[in-house]
Amino acid sequence: MTPSEAIAKWAREGEEAVPTPWDRLPELYLYMDQVITYMHSQLSLFERTDDNPLLTSSMINNYVKSGVLERPDKKKYSRNHLVTLMVICMLKPVLSLQDIASLVRFGKESGEDQQTLYESYSQAQTEALQRVCRRVEECVPQGEDALRRLAMELALEANSCRAAAERILCELGNAKTEPPAKKESEPQAETKE
């Protein structure tokens, strides 16, 4: 298979890919090895190579230690764990673990249930991937030079999107920690000279 054929194949798979619907996620608790296998099957489209997985048992343990992922119940992971892991794996190449934690925490604090949050995530992920894959498919017939240009454009767009996401999260985080600004109508305290 030529590089262009492999790229076109990946783009076709990406356009058809949709996250597993909530009601088809495993309801049974899974052990670590089962979680790794399941997540690999769900996220393989996003892995650069089989030698470079998006998730390992060490990563999961680190996410638990850092508080981004809830502690498993007797070494068993639930549907909610899987959802959080999917979000982490998709955002990890773009955002810091601290930013991801704030998004996960916001989801829990907003009062929305895990299913609603997962469905919002799934819709956004599907739409973004389909847009990119359509662009890739349209570019493949134009040849390798066009594909290289597209790769650069996509990387620059990704960097701009990352910067915007970080700025939003930074400012929203600062808004929680900064005291509210004084209103203009409030009298200023007199200073002694």
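Residues numbered from 1 in each chain as written. Predicted model: local features only at pLDDT ≥ 70, side-chain atom pairs only at ≥ 80, totals over all residues. Heavy atoms only, no water.

1. Brief notes about the overall build of the protein
Test applied: To qualify as a helix, a DSSP run of H or I must reach at least 4 residues; to qualify as a strand, a run of E must reach at least 2; elements of each kind are numbered from the N terminus. With the radius of gyration taken over C-alpha atoms, the globule rule is written as 2.2 Å times the number of residues to the power 0.38. A simple rule labels every residue: compare its accessible area, found with a 1.4 Å probe on the protein chains alone, to the largest value its type can have, and call it buried under 20%, exposed over 50%, or partly exposed in between. The contact rule is simple, with two residues in contact once any of their heavy atoms fall within 4.5 Å. Where accessible areas are quoted, they stem from the Shrake-Rupley method and a 1.4 Å probe; at the residue level, only the protein chains shown are allowed to cover.
For the protein, the count of helices and strands is seven helices and zero strands. From first element to last, N terminus to C terminus, the protein shows the α and β order α-α-α-α-α-α-α. Computed over its C-alpha atoms, the radius of gyration of the protein comes to 21 Å, more than 25% above the 16 Å expected for a compact globule of 193 residues. Looking at the protein residue by residue over its 193 residues, the buried ones come to 29%. Contacts in the protein between residues at least 24 apart in sequence constitute 67% of all its contacts with a sequence separation of at least 6. As displayed, the protein has an accessible area near 13400 Å², and 53% of this comes from carbon and sulfur atoms.

2. Some words on the pattern of salt bridges
Definition in use: Definition used for salt bridges: Asp or Glu carboxyl oxygen within 4 Å of a side-chain nitrogen of Lys or Arg.
All chains considered together, the criterion is met by eight salt bridges. When the shortest N-O distance is used, the salt bridge between Arg135 and Glu157 registers 2.8 Å. Residue Arg135 is found in helix H6 (residues 114–139), and its partner Glu157 is found in helix H7 (residues 144–177); the two are separated by 22 residues along the sequence. Judged by relative accessible area, which is 35%, Glu157 ranks as partly exposed. Its salt-bridge partner being Glu144, residue Arg148 comes within 3.6 Å of it at the nearest N-O pair. Here Glu144 and Arg148 lie together in helix H7, a separation of four residues that amounts to about one turn. By relative accessible area, Glu144 is classed as partly exposed at 45%.

3. Let's talk about helix H3 (residues 57–66)
In plain terms, the rule: It is the directions from the helix axis to the C-beta atoms whose arc is reported.
Here H3 has its buried residues at Ile60, Tyr63 and Val64. On an axial view of H3, the arc spanned by its buried residues comes to 100 degrees, and they lie on one face.

4. So, helix H4 (residues 79–91)
In an α-helix, one turn spans 3.6 residues; hence positions three or four apart end up facing the same way. Filter applied, for reference: One fewer than the residue count of a helix, multiplied by 1.5 Å, yields its expected span. Here a polar contact is taken to be a pair of N or O atoms separated by no more than 3.5 Å, where protein atoms must pair a possible hydrogen donor with a possible acceptor and residues adjacent in sequence count only if both atoms sit in side chains.
Its 13 residues give H4 an end-to-end C-alpha distance of 19 Å, which sits within 8% of 18 Å, the value for a rise of 1.5 Å per residue. Among the 13 residues that make up H4, 11 are buried, leaving the element largely enclosed by the rest of the structure. Where H4 is concerned, the buried positions are Arg79, His81, Leu82, Val83, Thr84, Leu85, Met86, Val87, Ile88, Cys89 and Met90. For H4, the capping residue at the N-terminal end is Ser78, with a side-chain oxygen 3.3 Å from the backbone nitrogen of Asn80.

5. A few points about the packing of helix H1 (residues 3–16) against H6
Note the threshold: The angle between two axes is taken between their N-to-C directions and runs from 0 to 180 degrees, where each axis is a line fitted to C-alpha atoms and a helix contributes only its stretch in contact. Oblique is the label for every angle not falling under 35 degrees (roughly parallel), over 145 degrees (roughly antiparallel), or within 65 to 115 degrees (roughly perpendicular). Left-handed describes a crossing in which the near helix is turned anticlockwise from the far one by less than a right angle; the clockwise case is right-handed. In this classification, the charged set is Asp, Glu, Lys and Arg, the nonpolar set is Ala, Val, Leu, Ile, Met, Phe, Trp, Tyr, Cys and Pro, and all remaining amino acids, among them Gly, are polar.
Remark: H1 packs on H6, axes separated minimally by 8 Å, with the N-to-C direction vectors making an angle of 150 degrees. The angle between H1 and H6 places the two elements in the roughly antiparallel class. For the pair H1 and H6, the sense of crossing is left-handed. Of the residues in H6, those touching H1 at Ile7, Trp10, Ala11, Arg12, Gly14 and Glu15 are Leu129, Gln130, Cys133, Arg134, Val136 and Glu137. Its residues placed into classes, the contact of H1 with H6 shows six nonpolar, two polar and four charged.

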